Amino acid sequence: MPDRFVEVDGRQLKVSNLDKVLYPETGFTKAEIIDYYVRVAPAMLPHIGDRGITLRRYPNGVDGTSFFEKRCPSHRPDWIGTFAGPGDRNGTIGYCALDSVAALAWSANMAALEIHAPMARGVDIESPTMCVFDLDPGPRTGIQECAEVALDIRDVLDRLAGLTCLAKTSGSKGLQLYVPLNTPHTHEHCSEFALAVAQVLEKHHGQRVTSVMKKTARPGKVFIDWSQNSRHKTTAAVYTLRARPHPTASTPVTWDEVDAAASGTPLVFEAPAVLERIEEHGDLFADVLTVTQELPSPGVTV
Amino acid sequence: MPRAIWSGAISFGLVNIPIKLYPAVSRKNVSFNQLDSRTGARIKYKKVSAADGEEVPAEAIIKGYELSSGAYVTVGDDELASLDPDASRTIEIEEFVDLADIDPLFYDSAYFVAPDKATVKPYALLTQAMEESGKVGIARFVMRSKQYLCAVRPKDGALVLSTMVYADEVNDPKEIGEIADLEDVTLTKKELDMARQLIASLSEDFDVDRFEDTYRNQVLGLIERKAAGDTEIIAPPEAMNEDKVIDLMAALEASVKEAKAARTRHPAGAPEAEEEAAEPAKKRARKSA
């Protein structure tokens with residue numbers, strides 16, 4: 001199919017290869033990917049629009065090579081803005097600002113299947129607005145083990161400091177817990193806190209939890225990746241598609257669902273199901289943007 | 001400000017002046033990255049074994065000096081380090097010469113010599129004395145495991161160091177046949193007079209500021225134009241034909257419908273359908289995005 005000029009959200013852009021299959025196993029096409037991002041935009045944009053975005057592009061589909069694009073392409077339309085963020089060797093580079101339906105359609109047309117976002121907003125990259133626990137299942141573990149660990153972390157956070165947290169699937173194999181902050185914190189503070197919590201869990205549940213990134217430490221265990229709370233790191237954004245065999249997305253889930261997952265109920269959502277859930281429940285991750293909480297002071301022993 | 005790349009001391013006679021070297025030149029080449037035209041991915045180099053094409057890990061790579069074709073003497077880094085010419089951190093000025101005696105052919109890279117905070121005075125003294133005598137210091141020093149010949153000279157109240165190539169590193173122009181053949185050429189006085197007149201008419205005082213890298217400017221201009229008016233992904237709005245612009249969702253509708261219909265015809269998981277559907281899908285997926 002030839003390139004076509006289209007209008008979305010008052011902006012004009014060119015789309016190409018709409019019928020190209022980017023998920024060969026399911027036949028999911030670029031048109032469907034753009035369609036998903038346009039429809040999920042109302043729920044997704046509040047979470048990503050004010051952050052410097054890292055794109056992960058799969059020009060030849062999920063089975064082909066991919067590349068992370070931190071520096072926003074210079075050939076972007078002039079209505080796509082950028083946020084200065086950490087670059088190589090202490091410099092800064094301009095990250096894409098995906099703050100409109102049109103911007104999401106543009107990135108989707110570039111086969112940017114995955115959208116990764118930092119913990120801090122683009123206007124204040126030194127202040128994370130949330131703290132993340134990225135639960136990554138090692139060999140021989142899966143979403144069920146992640147769900148068990150997620151429930152443990154939730155209880156620790158609640159008992160420790162009365163902190164609320166929200167869960168989403170990573171869209172890949174794991175689960176992610178977000179602690180809304182929306183009060184001044186540093187990346188170091190979040191990182192130290194997340195590490196402390198991870199180590200507490202490791203101490204009490206050493207059989208199924210590790211706080212160590214080393215691959216050899218991971219078989220049979222869930223790795224609590226606390227290091228995602230770093231100023232130069234990004235995490236798969238809520239509602240992003242993932243480059244898996246099926247078009248799964250990072251989906252906010254309720255604690256009841258995490259409970260059920262811990263007993264073996266599957267917790268995987270593909271693009272159409274994610275849109276249905278939003279229609280039914282609204283944005284289950286909305287509290288991440290509004291709830292204000294403070295982490296215990298640095299140095300406090302957990 | 002550039003970063004110091006070497007620190008040590010200049011010494012001449014009994015005087016020892018701690019100094020640092022800063023690059024005098026920042027090159028402004030336009031550098032390109034190599035990309036895969038199909039995906040836009042960066043091209044990466046891999047070190048592979050010539051024997052089996054397998055990638056060789058960095059820790060397995062050693063240095064070898066080829067004696068005859070295929071026969072090598074291997075040399076370890078520690079062996080090379082023990083050979084370091086004089087590893088002392090000193091630029092020892094061995095003699096002073098007239099600047100005009102040095103052919104520019106020998107100059108390699110230029111560095112600014114900056115004094116240590118505590119030794120500003122001896123530095124200034126050496127600089128001014130050299131300025132007044134009109135002499136250039138010739139020295140040798142070691143930087144990054146290599147011994148350099150260098151010329152140290154005053155310029156605008158500071159010292160400038162130029163590394164130089166060794167005489168045996170300069171090729172003999174007589175080895176170039178076309179140059180050697182010049183000996184057989186005869187010129188008439190009339191021809192020479194004309195050439196001299198031409199040179200006189202083009203003679204100017206040299207002003208380096210009048211020259212700029214016009215090629216680099218053209219390359220940068222080209223890049224800017226391409227970056228601003230990318231034709232691959234986005235056409236500038238004014239270039240768009242209003243009649244052709246349709247609503248994105250309307251444009252997607254037919255494609256989405258077709259993709260869904262294709263899945264219903266060949267539901268995933270049905271083995272015979274899988275074979276039929278997967279093949280063309282994979283083929284299509286290789287085309288550019």
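Residues numbered from 1 in each chain as written. Chains lettered and ligands numbered in written order. Predicted model: local features only at pLDDT ≥ 70, side-chain atom pairs only at ≥ 80, totals over all residues. Heavy atoms only, no water.

Description of the side chain of Thr235(A)
Residue and element names in this part refer to chain A. Here is the rule: To qualify as a helix, a DSSP run of H or I must reach at least 4 residues; to qualify as a strand, a run of E must reach at least 2; elements of each kind are numbered from the N terminus. Burial here depends on accessible area, computed with a 1.4 Å probe over protein chains only, as a share of the maximum for the residue type. Under 20% is buried, over 50% is exposed, and the range in between is partly exposed. Nitrogen and oxygen atoms within 3.5 Å of one another constitute a polar contact, given that in protein one can donate a hydrogen and the other can accept it, and given that sequence-neighbouring residues count only through two side-chain atoms. Contacts: residue pairs with any heavy atoms within 4.5 Å of one another.
Of note, Thr235 is situated in strand S15 (residues 235-236). Take Thr235: its relative accessible area is 2%, and that puts it in the buried class. Only 3.0 Å separates the side chain of Thr235 from the side chain of Gln228, close enough to count as a polar contact. Once residues lying within four places of it in the same chain are set aside, the contact partners of Thr235 are Ile115, His116, Ala117, Met119, Val132, Gln176, Tyr178 and Gln228.

Side note on the sheet that holds strand S16 (residues 252-253) of chain A
Residue and element names in this part refer to chain A. Put simply, the rule reads: A strand pair is defined by DSSP finding two or more bridges across the two strands. A fitted line through C-alpha atoms represents every axis, and for helices the fit uses only the stretch in contact; the resulting angles, taken between N-to-C directions, go from 0 to 180 degrees.
Reading across from one edge, S13-S14-S10-S12-S11-S16 is the order of the 6 strands in this open sheet, with mixed pairing throughout. Bordering the open sheet on either side are strand S13 (209-210) and S16, each of which pairs with just one other strand. Across the sheet, helix H4 (residues 187-204) touches strand S10 (130-137), S13 and strand S14 (222-225), and the angle it forms with S10 is around 40°.

Some thoughts on the state of the cysteines
Disulfides are covalent bonds that link the sulfur atoms of two cysteine residues. Formally: Cysteine sulfur atoms are paired as a disulfide whenever they fall within 2.5 Å.
Counted according to the given criterion, the structure contains 1 disulfide over all chains. You can see Cys190(A) has no disulfide; the closest cysteine sulfur is in Cys131(A), sitting 4.6 Å from it.

Details of the pairing of strand S5 (residues 54-57) of chain A
As paired strands, S5(A) and strand S9 (residues 114-117) of chain A are joined by 3 bridges and run antiparallel to one another. Its bridge partner lying in S9(A), Leu55(A) is registered against Ile115(A).

A closer look at the layout of surface pockets
Residue and element names in this part refer to chain A. Keep this limit in mind: Only protein atoms enter the calculation, which uses a 1 Å grid: trapped sets of points that fit a 1.4 Å probe without letting it out are cavities, open sets showing protein on both sides within 12 Å along at least five of seven lines are pockets, and any residue with an atom within 4 Å of a point is a lining residue. Grid points are joined across faces, edges and corners, and a volume is the space filled by probe spheres set on the points. All residues other than Ala, Val, Leu, Ile, Met, Phe, Trp, Tyr, Cys, Pro, Asp, Glu, Lys and Arg, Gly among them, are scored as polar; the first ten of these are nonpolar and the last four charged.
By volume, the second largest pocket is sized at about 810 Å³. Around the second largest pocket sit 32 residues that line it, and Arg56, Asp134, Asp136, Ser172 and Arg242 are the ones nearest its centre. The leading source of residues in the lining of the second largest pocket is S10, at 4 residues. Classifying every residue of the lining of the second largest pocket by side-chain character gives 9 nonpolar, 12 polar and 11 charged.

Some words on the nonpolar core
Quick reminder of the rule: We define the nonpolar core as a collection of buried residues of types Ala, Val, Leu, Ile, Met, Phe, Trp, Tyr and Cys that are connected through side-chain atoms lying within 4.5 Å of one another.
Core analysis: the biggest nonpolar cluster contains 98 residues, and Tyr37(A), Leu98(A), Ile115(A), Phe133(A), Leu135(A) and Ile153(A) have the highest contact counts within it. The leading source of residues in this core is helix H1 (residues 30-48) of chain A, at 12 residues. Residues within four places of Phe133(A) in sequence aside, it is in contact with Ile153(A), Leu157(A), Leu175(A), Gln176(A), Leu177(A), Val179(A), Phe193(A), Ala194(A), Val197(A), Ile224(A) and Asp225(A). In terms of nonpolar packing, the next biggest core, distinct from the first, is built from 20 residues, Leu21(B), Leu126(B), Ala139(B) and Phe141(B) among them.

A word on the pattern of salt bridges
Worth spelling out the cut-off: Between Lys or Arg on one side and Asp or Glu on the other, a salt bridge is scored when a side-chain nitrogen of the former is within 4 Å of a carboxyl oxygen of the latter.
Applying the stated criterion to the full structure yields 20 salt bridges over all chains. Between Arg218(A) and Asp136(A) there is a salt bridge, with the nearest N and O atoms lying 3.2 Å from each other. A residue pair is termed long-range when its members are at least 10 positions apart, and Arg218(A) in the loop between S13 and S14 and Asp136(A) in strand S10 qualify at 82 residues. Residue classification places Asp136(A) among the partly exposed positions, given a relative accessible area of 30%. Between Lys257(B) and Glu253(B) there is a salt bridge whose closest N-O contact spans 3.9 Å. Placement of both Lys257(B) and Glu253(B) in helix H6 (residues 248-265) is noted, with a separation of 4 residues, approximately one turn of the helix. Residue classification places Lys257(B) among the exposed positions, given a relative accessible area of 57%. By relative accessible area, Glu253(B) is classed as partly exposed at 46%. Here the salt bridges do not stand alone but share partners, grouping Asp50(A), Arg51(A) and Arg121(A) into one network.

Thoughts on the packing of aromatic side chains
Any pair of aromatic rings gets described here by the distance separating the centres and the angle formed by the planes. The following threshold applies: To pair, rings of Phe, Tyr and Trp, with the six-membered ring standing in for Trp, must have centres within 6.5 Å; the planes then decide the type, stacked if under 30 degrees apart, edge-to-face if over 60, and tilted in the middle. By definition here, charges over rings are those cases where NZ of Lys or CZ of Arg is within 6 Å of the ring centre and within 35 degrees of the ring normal.
Considering all chains together, one arrives at 7 aromatic pairs over all chains under this definition. Each ring, one from Trp6(B) and one from Phe141(B), has its centre 5.2 Å from the other, and the planes form 80°; the classification is edge-to-face. You can see Trp6(B) sitting in strand S1 (residues 6-12) and its partner Phe141(B) sitting in strand S7 (residues 135-143), a full 135 residues away along the chain. Since its relative accessible area comes to 1%, Phe141(B) is described here as buried. Here the aromatic cluster, defined as three or more aromatic residues joined through ring pairs, consists of Trp6(B), Phe141(B) and Tyr148(B). The aromatic ring of Trp255(A) is capped on one face by Arg154(A), whose charged end is 4.8 Å from the ring centroid. If you follow Arg277(A) out to its NZ or CZ, it ends over the ring of Phe269(A), 4.1 Å from the centre.

Focus on the packing of helix H3 (residues 143-161) of chain A against H4(A)
The relative placement of two packed helices comes down to the angle between their axes together with the axis-to-axis distance. Residue and element names in this part refer to chain A. Rules: In a left-handed crossing the near helix is turned counterclockwise from the far helix by less than a right angle, and in a right-handed crossing that turn is clockwise.
For the pair H3 and H4, the least separation of the axes is 11 Å and the interaxial angle reads 115°. In this structure, H3 meets H4 at a crossing whose hand is right-handed. Contact residues: H3 offers Val149, Asp152, Ile153, Val156, Leu157 and Leu160, while H4 offers Phe193, Val197 and Leu201. Of the residues that constitute the contact of H3 with H4, the class distribution is 8 nonpolar, no polar and 1 charged.

Digging into the environment of His205(A)
By the secondary structure assignment, His205(A) is in the loop between H4 and S13. Using a relative accessible area of 25% as the deciding quantity, one classes His205(A) as partly exposed.

Some thoughts on H1(A)
Residues and elements named next belong to chain A. What counts here: Helices are assigned an expected span. That span is 1.5 Å times one less than the residue count. A residue's bend is simply the angle between two axes: one fitted to the seven residues ending at it, one to the seven starting at it.
An ideal rise of 1.5 Å per residue puts 27 Å on 19 residues; H1 reaches only 21 Å between its terminal C-alpha atoms. At Ala41, H1 shows its maximal kink, close to 70°; a proline, Pro42, follows between one and four residues later. Within H1, 16 of the 19 residues are buried, which leaves the element mostly enclosed by the surrounding structure.

Honestly, that's just the spatial picture; any functional story needs more than this.
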